[in-house]
Amino acid sequence: MEFRNFLAAALLLCAAFSLNAQNIKIDADAGIDENGAHASISISTGGKPSNNSQAKQPLPFPKEYRGVQLGMQIDDVKQKLKEDSLYGYRGERDVSLLPTENRVLIESAGDSFLSRSWFQFYDEKLYTMTFKLDEDRVDFYSLFSSLQEKYGEPTSLDPEKIVWKDDTVTLSLERPLVLKYIDTQVFDEIKKTSSVKKTTEEVTRKGFLDSL
């Protein structure tokens, strides 16, 4: 009975190693001598994995979706939106000027997988694309799995947001089902400018209060 248990444990150990290692070498010995039944097994791994088992290299983070690319001029984006019915772009009535300097927003009600789309511009260049996806057609986990397969492990993640980021592009998947393409450099510039303005306003406010 002990001998059979040993063999069963050895087989389970081999199976466990086979899931996580390449080029497994197994040496086993079993028999009966004057001291009774005996058995031994040794497992070693090593060597390079085959080409078929190598992980696929992740793709560069995307700057473009369906012909619309970060950094494009406003008129070029409008033209691309007109050419693709998926966006549901209706022309100038979908364009608005945000109550901040140098900001333009295009918002459109999409079709099929795109429930709604937002295209935000800074100095007349596209720096953010936001897509609210139809939850009846695609789910969060499927989208995350697809992005992870293409672009590798995320830079950061929490229960509400998963982010892939480099010096050029930030790709953000947010709950319930929103996907954002962001120009990292422009976004950082806007944040820096906003921070300077807030600091200046606070200094001015303090000076006003001190003068009372």
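Coordinates for the structure precede this section.
Just so we're clear, the structure is a prediction, and the values are computed from it rather than from any experiment.

Reading the values: the criteria
Residues numbered from 1 in each chain as written. Predicted model: local features only at pLDDT ≥ 70, side-chain atom pairs only at ≥ 80, totals over all residues. Heavy atoms only, no water. Helix = DSSP H or I, 4+ residues; strand = E, 2+ residues; numbered from the N terminus. Expected span 1.5 Å × (residues − 1). Buried < 20%, exposed > 50% of the residue type's maximum accessible area, 1.4 Å probe, protein only. Arc of directions from axis to C-beta. Contact = heavy atoms within 4.5 Å. Polar contact = N/O pair within 3.5 Å; in protein donor to acceptor, adjacent residues only side chain to side chain. Phe/Tyr/Trp six-rings, centres within 6.5 Å; stacked < 30°, edge-to-face > 60°. Lys NZ or Arg CZ within 6 Å of the ring centre and 35° of its normal. Pairing = 2+ DSSP bridges. Axes fitted to C-alpha atoms, helices over the stretch in contact; angles between N-to-C directions.

Next up on the list: helix 3 (residues 140-151). In an α-helix, one turn spans 3.6 residues, which is why side chains three or four residues apart end up on the same side. Helix length check: helix 3, at twelve residues, gives a terminal C-alpha distance of 16 Å against a target of 16 Å (1.5 Å per residue), a fit within 8%. Among the residues of helix 3, Phe140, Leu143, Phe144, Leu147 and Tyr151 are the ones counted as buried. With its buried residues spanning 100 degrees around the axis, helix 3 presents them on a single face. Among the exposed residues of helix 3, those oriented more than 90 degrees off its buried face are Tyr141 and Glu149. Against the buried residues of helix 3 lie strand 8 (125-133), strand 10 (161-165), strand 11 (169-174) and strand 12 (178-183). Where helix 3 begins, the capping side chain belongs to aspartate 139, and its oxygen is found 3.2 Å from the backbone nitrogen of tyrosine 141. Just beyond helix 3, the residue with positive phi is glycine 152, at close to 85 degrees.

For the structure shown, the criterion picks out ten aromatic pairs. Between phenylalanine 61 and tyrosine 151, the aromatic rings sit 6.3 Å apart at their centres with planes inclined by 80 degrees, giving edge-to-face as the arrangement. One end of the pair, phenylalanine 61, is in the loop between strand 2 (36-44) and strand 3 (64-65); the other, tyrosine 151, is in helix 3, with 90 residues separating them in the sequence. The exposure class of phenylalanine 61 is buried, given its relative accessible area of 18%. By the ring-pair criterion, three or more aromatic residues cluster together here, those being Tyr65, Tyr87, Phe119, Phe131 and Tyr181. Positioned above the aromatic ring of phenylalanine 113 is the side chain of arginine 137, whose terminal nitrogen or guanidinium carbon lies 5.9 Å from the ring centre. In this arrangement the basic side chain of arginine 175 is found over the ring face of phenylalanine 140, its NZ or CZ atom lying 3.9 Å from the centre.

Glancing now at the sheet that holds strand 6 (residues 103-108). On the basis of which strands lie adjacent, the open sheet formed by eight strands has the order 5-6-7-8-12-11-10-9 and antiparallel pairing. Single-partner strands in this sheet number two, and they are strand 5 (95-97) and strand 9 (156-157). Summarising the sheet, strand 11 and strand 12 pair through six bridges and their orientation is antiparallel. In the strand pairing of strand 12, valine 169 is matched with aspartate 183. This element, helix 2 (residues 74-83), spans strand 5, strand 6, strand 7 (114-122) and strand 8 of the sheet and lies at about 5 degrees to strand 6. Packed onto the sheet, helix 3 meets strand 8, strand 10, strand 11 and strand 12 and runs at close to 155 degrees relative to strand 11.

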